[in-house]
Amino acid sequence: MSMHNSLLPQENRAYLEPQRSRRDGLRRRAMLLKDPTALFAEAAPEFTVSQAHDIPATIDLVIPDLSAAGFIIEQQPTWLIPAVKDLEQLKHMPAPLDASEARPFLLRMFLRDSGIYAIASCLSPLFSLLLTPFLTRNLSALDYGVLTLLNTTLALVGPLAQLGLGSSFVRLYHQNVSGSRERHALFTTLIMLLVSFSLCVAALLAILAPWLSRLLLHSVDGEMLFRLAALLLLLQNMTFPAFTWLRAQGRALAFVALSLLNLLLNLGLTLLLVGAWQWGNSGVLVAACGGYAGVLLCSLPLLNYRMQWHVSWSFASQLLAYGLSTLPGLFSVWVLQLSDRYFLLAFGTLPQAASYSIAYTLGNIIGPLVIAPFSLAWYSALHVVARKSRAPELFRLIFRWYCLVLLLMVFGVSLLANDILHLFFPSPYTLAAPIVPLIALSNLFFGLFEFFNLGITLRGRLRFNVILLPLAALVNLGGNCLFIPVFGVMGAAGSTLLAYVILALLAYLVNQRLYPTPLDLDVCALGLLVGGFYYALYQWLLPLQQPFFHWLFTCGLIGCYALSLWLLSLVSARKDKH
């Protein structure tokens, strides 16, 4: 083309040059819209490694004249170049997680997120578990049965009197308010609502004390106990704002310090009033009141010094709207865990309810030791895991190890339950030992339900829990009505297990619809089968053993089961690789 143009007359060549320049400009303009770095293509010299020593100290970039190509810079489209706001953050941005790094990453994350709040949440259940042998040796079986019913009643009325305001406050504090004035207004509104409603509920409980004593205890001797329970409910709810505020502020050390103060005061007063002065159930309730009163006295100066008291009716309506929506779930959990005590009292005796409560507490030890710490870490960590490039594989790995730990704990508690009951508790409380494996299995399925909630949580479909929990509670109520009159404590434990199995199964089905995740259910099922075989072997050989060989055999069987679970995990891991 250039040779042909050179043969043209000078005036024709002069005419064609602007045309060609315009075509080249249009072509370059299209290329610039695709790749802005093409702007410097003409000015960038070729560079080889051999020329490295000839690099000058300064380089003058020669930018071609765009106006000659028909470019007017202010009329050009803006280049879509990605912006990097923080280069330092870009340097430390995590790469997609490799499978070999999964275990250390998950371990660090869960230990960090469980943290000090997990310890604080586990202190109260562990304290109650350790104090139980002392109470059973200083209270009669009848008195401990009365105490069981009082605790069951408080476990229902206390959270209902809080109106679900705790979770509602934390939600609004982190999402809907900004600035110290609004936060203080939200907190003082929480205090106003909680104190006023708790005063009304406590007064009503004190007024109805004679009627409740005749209805539940079939006696008028429990009237003073119900009035002490009303005082305990009021003091407990009065300390609730302080714990909620410290949790929202992230002041973990102060939170744990107040929790420890409550437990230590409760322990000291219980040993004094029940052990030394023999006050019975009244001493237990007064000691609990003393613990909460100490927390209240220590928290009031701190809150009064920092607070700007201002009540907002707008915040009050928002707190109540969200808090009241959580009450059906709270009531359903109470039905699942504690309602069977009332059925045992209706169809049995107070000592029977007391022995069932002791065995239930022992089988429920998996909750504070494993499920509660995991849940605290899980609901904050699952969003971090979900953002990883290999999130389904990570969820599968977490489920595998979480399930194996739960299985090992269930097996260990089931084998050691009878020995622990005979070692630490009087003989009347050992009659309900056979229910411990059923309660431990119920905790296993409740732990699985906590994990299967990941789809509901990630997709924001919390309304499914409003359906699943009441449905499981209805199953438990129906089972209690059918089985407790016939099978007694075994019927109560069986109803609890059935309800939790249905709850976990429904949660799994919902999760697979909302957030399909491959989980090692075959590993969990095989672990259950192997554990059932080992437990049947243990029960068959138990009467033939001497005490020394019994403990040796028990520990060896737990070790064999742990080894079996580890082998199952290895098989599953190799299957993942292939």
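Residues numbered from 1 in each chain as written. Predicted model: local features only at pLDDT ≥ 70, side-chain atom pairs only at ≥ 80, totals over all residues. Heavy atoms only, no water.

> When you look at the side chain of asparagine 262 in this model, what are you seeing that I'm missing?
By secondary structure assignment, the location of asparagine 262 is in helix H10 (residues 252-276). Filtering out sequence-adjacent residues up to four positions away, asparagine 262 remains in contact with Gly291, Tyr292 and Val295. (Helix = DSSP H or I, 4+ residues; strand = E, 2+ residues; numbered from the N terminus. Contact = heavy atoms within 4.5 Å.)

> Could you clarify how one ought to interpret the nonpolar core in this entry?
Generally speaking, a soluble globular protein has its nonpolar side chains buried in company with each other. Core analysis: the biggest nonpolar cluster contains 88 residues, and Ile366, Phe451 and Phe452 have the highest contact counts within it. Residue contributions to this core peak at 16 residues, all from helix H17 (residues 391-424). Other than its neighbours up to four places away in sequence, isoleucine 366 contacts Ile371, Leu406, Met409, Val410, Val413, Ala440 and Asn443. Counting residues in hydrophobic clusters, the runner-up holds 27 residues, among them Ala209, Leu217, Leu225 and Ala230. (Core = buried A, V, L, I, M, F, W, Y, C linked by side-chain atoms within 4.5 Å. Buried < 20%, exposed > 50% of the residue type's maximum accessible area, 1.4 Å probe, protein only.)

> Help me understand the pattern of salt bridges, please; the structure alone is not making it clear to me.
Any two side chains of opposite charge can pair, given that their charged atoms come close. Counted according to the given criterion, the structure contains 4 salt bridges. Measuring nitrogen to oxygen at the nearest pair gives 2.9 Å for the salt bridge that ties aspartate 340 to arginine 341. The exposure class of arginine 341 is buried, given its relative accessible area of 4%. For aspartate 520, the salt bridge is made with arginine 400, and the minimal N-O distance between the two is 2.6 Å. You can see aspartate 520 sitting in the loop between helix H21 (489-514) and helix H22 (521-541) and its partner arginine 400 sitting in helix H17, a full 120 residues away along the chain. No difference in accessibility class separates aspartate 520 from arginine 400, as the two residues are buried. Each of Arg396, Arg400 and Asp520 takes part in a single network of salt bridges with overlapping partners. (Salt bridge = Lys/Arg side-chain N within 4 Å of Asp/Glu carboxyl O.)

> Hey, could you run me through unusual backbone geometry in this one?
Where the residue is not glycine, phi is negative for most of them; where a peptide bond is considered, it is trans in most cases. Of note in this structure, leucine 163 is not a glycine but carries a positive phi near 60°. Here leucine 163 lies in the loop between helix H5 (141-162) and helix H6 (165-175). Of the residues examined, leucine 163 reaches a relative accessible area of 9% and is grouped as buried. Phi at glutamine 278 takes a positive value of approximately 55°, unusual for a residue other than glycine. Mapped onto the elements, glutamine 278 comes out in the loop between H10 and helix H11 (281-306).

> Sorry, what's going on with a nonpolar patch on the surface here?
Taken together, the side chains of Leu482, Phe483, Val486, Phe487, Met490 and Leu498 present a nonpolar region at the surface, about 590 Å² in accessible area. When contributions to the nonpolar patch are tallied by element, the ones reaching two or more residues are helix H20 (463-487) and H21. Residue contributions to the nonpolar patch peak at 4 residues, all from H20. Residue placement: valine 486 occurs in helix H20. (Patch = residues over 30% accessible without salt bridge, like charges linked within 9 Å, V, L, I, M, F, W, Y side chains within 5 Å. Areas by Shrake-Rupley, 256 points an atom, 1.4 Å probe, with all protein chains shown as cover.)

> What exactly am I supposed to notice about the environment of alanine 288 here?
Its place among the elements puts alanine 288 in helix H11. With residues near it in sequence (within four places) discarded, alanine 288 still touches Leu232 and Asn266.

> Mind showing me how you'd approach the packing of aromatic side chains here?
Each aromatic ring pair is described using two quantities: the centre-to-centre distance and the angle formed by the ring planes. Within the structure shown, the criterion is met by 23 aromatic pairs. A centroid spacing of 5.8 Å and a plane angle of 45° characterise the contact between tyrosine 356 and tyrosine 360, whose relative ring orientation is tilted. With tyrosine 356 and tyrosine 360 both in helix H15 (residues 350-363), this residue pair falls 4 residues apart, about one helical turn. Taken as a pair, tyrosine 356 and tyrosine 360 share a single burial class, namely buried. Chaining the aromatic ring pairs together yields one cluster made of Phe374, Phe399, Tyr402, Phe451, Phe452 and Tyr508. (Phe/Tyr/Trp six-rings, centres within 6.5 Å; stacked < 30°, edge-to-face > 60°.)

> I would appreciate a short explanation of the packing of H5 against helix H7 (residues 180-207) in the present structure.
Helix packing for two helices is described by the angle between their axes and how far apart those axes are. Look at H5 against H7: their axes get within 9 Å of each other, and the N-to-C directions meet at 145°. Our pair here, H5 against H7, has a crossing hand that is right-handed. On the side of H5, the interface is formed by Val157, Leu160, Ala161 and Gln162, while H7 contributes Leu194, Phe197, Ser198 and Val201. Taken together, the residues of the contact of H5 with H7 sort by class into 6 nonpolar, 2 polar and no charged. (Axes fitted to C-alpha atoms, helices over the stretch in contact; angles between N-to-C directions. Left-handed = near helix turned anticlockwise from the far one by under 90°. Nonpolar A, V, L, I, M, F, W, Y, C, P; charged D, E, K, R; others polar.)

> Is there a simple way to think about H5 in this case?
Residue pairs three or four apart in sequence face the same way in an α-helix, which turns once every 3.6 residues. Relative to the 32 Å expected for 22 residues at 1.5 Å per residue, H5 spans 32 Å between its end C-alpha atoms, a close match to the ideal helical length. A positive backbone phi angle near 60° is found at leucine 163, which sits one or two residues after H5. (Expected span 1.5 Å × (residues − 1).)

> Hey, could you run me through helix H14 (residues 340-347) in this one?
Along H14, the residues classified as buried are Asp340, Arg341, Phe343, Leu344 and Leu345. Each element contacted by the buried residues of H14 is listed here: H5, helix H8 (209-217), helix H13 (327-338), H15, H20 and H21.

> Any chance you could explain the confidence of the model for the chain here in plain terms?
Low pLDDT means the predicted atomic positions in that stretch should not be read closely. With 75% of its residues at a pLDDT of 70 or more, the chain has an overall mean of 77. Every residue in residues 1-16 scores below 50 in pLDDT, and together they form 6 contacts with partners more than four places removed in sequence or on other chains. Here residues 26-100 scores under 50 on pLDDT; set against residues more than four positions off or in separate chains, the count is 39 contacts. (pLDDT = per-residue confidence, 0-100.)

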